[in-house]
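So the chains spell out like this:
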Amino acid sequence: NNDWQAQDPELWQAVQAEATRQEHVIELIASENIASQAVRAVQSSVLTNKYAVGYPGARIYPGNEALDRIDEIARTRAQDLFGAEYANVFPHSGTQANQAVYAAFLQPGDRILAMSEHAGGHFTHGQAHNFSGQLYDAQFYGVDPTTECLDYAQIERQARAWHPRLIIAGASAYSQLIDWERFRAIADDVGAYLMVDMAHIAGLVAGGVLPSPVSVADVVTSTTHKTLRGPRGGMILAKHQYGAQIDQAVFPRSQSGTLEQIVAAKAIAYREAQQPAFRQYAVQVVQNAQLMAHVLHETPNIRVVTGGTVNHELTLDVRATGMTGAAAADLLYSVGIATNKELLPLENGNTMGGIRIGTPTITSRNFSATAVQEVAELIGTVLNYPHDEAKLTTARGALQRLTQQFPATR
Ligand code: PLP
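Residues numbered from 1 in each chain as written. Predicted model: local features only at pLDDT ≥ 70, side-chain atom pairs only at ≥ 80, totals over all residues.

- The name an unreviewed UniProt entry gives the protein is Serine hydroxymethyltransferase, with Fructilactobacillus ixorae as the organism.
- Listed in UniProt under the heading Sequence similarities (unreviewed entry), the comment for the protein reads: "Belongs to the SHMT family."
- In its Catalytic activity (unreviewed entry) section, the UniProt entry covering the protein states "(6R)-5,10-methylene-5,6,7,8-tetrahydrofolate + glycine + H2O = (6S)-5,6,7,8-tetrahydrofolate + L-serine". (UniProt positions renumbered as here; feature names shortened; annotations may be inferred.)

Next comes the structure, spelled out in structure tokens:
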């Protein structure tokens, strides 16, 4: 219902502007997606009015009978979807899921070993500018300089020298398989816990196109809004034996009231992810990314980091075009393609010579293979002819045609 349009036209217009932007942009930011109508609708339900502090059956305020049911549905569906012994669906975000896991498994000052940001790791895995790097003592592993893939022998050597209490696997910008079993063996070798942050690939794991870390790691964290296509939020999966300490670390140690409208939306998303259509979507996400990697691999002055992708994303080294990643991302956005600047594995310092692109959103928009190929070709043209106004105008027109052909509404 649009009642609030008249009450608050200023905000209404801003929201409309965002809706229009989403409709007209080819969204290749790898962490974004388009949630279903149901996932969006339940977030504006009456659930937003109710406080739920604590776990089902042990709340602080009365009147939580229905919310207890919702929480149990969401928790059970998360467990079923991922084959997990235990799930906590309360974390408000991926960052808060990670924060709770650290609180559950570590003491301040304990050592962490995680993937470097250059290799594609996330800053909540111990970077100095995040609470995780301020509270815990982190070292980072990178990738092999030739293959740009994880070098497990090197990670093992680092783990033996560093003796971390927690090893973190999982990335924001890494396009190859991560060998969960190999990480398990390294963690066991040095007596560390193994945490996997599968935020980016959760939908591909749920859809059965990537190996699941769930039975391998001690604990798995994730967001629910990336490839999984649910509401913005976080979750934690773990072995049963860690359930009580994780529950405690989420509430009361790091959160108070749950966002019940979001928990309900997570429950809807978990159910959607059980459907055959979701499996098809997951397969298509990867096929689309591989098609893009194939086209861009053939494009002059663009190098696909690691040579390809097995998941939803790829990183392009654009330095040979003479542009930084930031300039390339700005140029692409000016013609209607959203990407983001990205660090390259072997760069020194923090000048980003890469851009990251991902296919979840265009897959949710049902872009055909021909359309995906056309987008990849247009990326190549735009990056190679940044000053050719005629080419840029043609690209802009072609991209607008595609956004009309494949609408953003689901
Ligand atoms: N973990 C990984 C691997 C991520 O890529 C992200 C998102 O950028 C997060 C955690 C953080 O999630 P959120 O933005 O929900 O805090």
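1. Observations regarding the sheet that holds strand 5 (residues 111-115)
In sheet architecture, strand pairing relies on hydrogen bonds along the backbone and comes in two forms, parallel and antiparallel.
Then step 1. Ordered in space as 4-10-9-8-7-5-6, the seven strands form an open sheet in which the pairing is mixed. At either end of the open sheet lies a strand with only one pairing partner, and these are strand 4 (86-88) and strand 6 (137-141). Neighbouring strand axes in the sheet, compared pairwise and without regard to direction, differ in orientation by 20° on average.
Then step 2. Here five bridges tie strand 5 to strand 6, and the two strands are oriented parallel to one another. Opposite R111, over in strand 6, you have D137 as the bridge partner.
Then step 3. Against the sheet, helix 5 (residues 94-105) engages strand 7 (166-169), strand 8 (193-197), strand 9 (219-223) and strand 10 (234-238), with an angle of about 160° to strand 9. (Pairing = 2+ DSSP bridges. Helix = DSSP H or I, 4+ residues; strand = E, 2+ residues; numbered from the N terminus. Axes fitted to C-alpha atoms, helices over the stretch in contact; angles between N-to-C directions. Contact = placed C-beta atoms within 7 Å.)

2. Comments concerning the pairing of strand 5
Then step 1. Taken across its five residues, strand 5 has four buried, putting it largely inside the fold.
Then step 2. Inspection of the sheet shows strand 5 paired to strand 7 by two bridges, in the parallel sense. The residue of strand 7 that forms the bridge with I112 is L166. (Buried ≥ 20, exposed ≤ 12 C-beta atoms within 10 Å, placed from the backbone.)

3. Side note on the packing of helix 4 (residues 65-82) against helix 11 (residues 260-273)
Then step 1. Where helix 4 contacts helix 11, the two axes come as close as 9 Å, and the packing angle between them is 35°. Regarding helix 4 and helix 11, the two cross each other, and that crossing is left-handed. Every residue of helix 11 that contacts helix 4 at L67, I70, D71, I73, A74, R77, A78 and L81 is listed here: E260, V263, A264, K266, A267, Y270, R271 and A273. (Left-handed = near helix turned anticlockwise from the far one by under 90°.)

4. Concerning the sheet that holds strand 11 (residues 303-304)
Then step 1. The antiparallel open sheet is built from four strands, whose spatial order is 11-12-15-14. In the strand order of this sheet, the two ends are held by strand 11 and strand 14 (340-342), each with one partner.
Then step 2. Judged from the two bridges that link them, strand 11 and strand 12 (residues 313-317) form a sheet pairing that is antiparallel. Across the sheet, V304 pairs through a bridge with L316, a residue of strand 12.
Then step 3. Against the sheet, helix 12 (residues 276-297) makes contact with strand 11, strand 12 and strand 15 (354-358), and its axis sits at roughly 15° relative to strand 12, the strand it touches most.
Then step 4. Across the sheet, helix 13 (residues 325-335) lies against strand 14 and strand 15, angled at about 165° from strand 14, the strand it touches most.

5. Some thoughts on the UniProt feature "site: Plays an important role in substrate specificity" (unreviewed entry) in the protein
Then step 1. Using the residue numbers shown here, the UniProt feature "site: Plays an important role in substrate specificity" (unreviewed entry) corresponds to H225.
Then step 2. One can find H225 in the loop between strand 9 and strand 10.
Then step 3. Excluding residues within four positions of it along the chain, H225 makes contact with N33, G230, P231, R232 and G233.

6. Considering the UniProt feature "domain: Serine hydroxymethyltransferase-like" (unreviewed entry) in the protein
Then step 1. Taking the UniProt record as the reference, the feature "domain: Serine hydroxymethyltransferase-like" (unreviewed entry) is found at residues 6-379.
Then step 2. Span residues 6-379 is 42% helix and 15% strand, its end C-alpha atoms 41 Å apart.

7. Quick word on the site of the ligand
Then step 1. Looking at the ligand, there are 13 residues lining it, with S93, G94, T95, S172 and A199 nearest.
Then step 2. Across the shell around the ligand, the residue classes break down as one nonpolar, eleven polar and one charged. (Near = placed C-beta within 6 Å. Nonpolar A, V, L, I, M, F, W, Y, C, P; charged D, E, K, R; others polar.)

8. Focus: the nonpolar core
Then step 1. Ranked by internal contacts, the top residues of the largest apolar core, which has 125 residues, are A78, V101, I167, I236 and L237.
Then step 2. In terms of residues, this core owes the most to one element, helix 12, which gives ten residues. (Core = buried A, V, L, I, M, F, W, Y, C linked by C-beta atoms within 7 Å.)

9. Observations concerning the packing of helix 15 (residues 369-384) against helix 16 (residues 389-405)
Then step 1. One way to put it is that helix 15 packs onto helix 16 with a least axis distance of 10 Å and a crossing angle of 160°. Classified by the angle between their axes, helix 15 and helix 16 sit roughly antiparallel to one another. For helix 15 against helix 16, the interelement crossing comes out left-handed. Here helix 15 contributes A371, E374, V375, L378, T381 and V382 to the contact with helix 16, which in turn contributes K391, L392, A395, A398, L399, L402 and Q405. (Parallel < 35°, antiparallel > 145°, perpendicular 65-115°, else oblique.)

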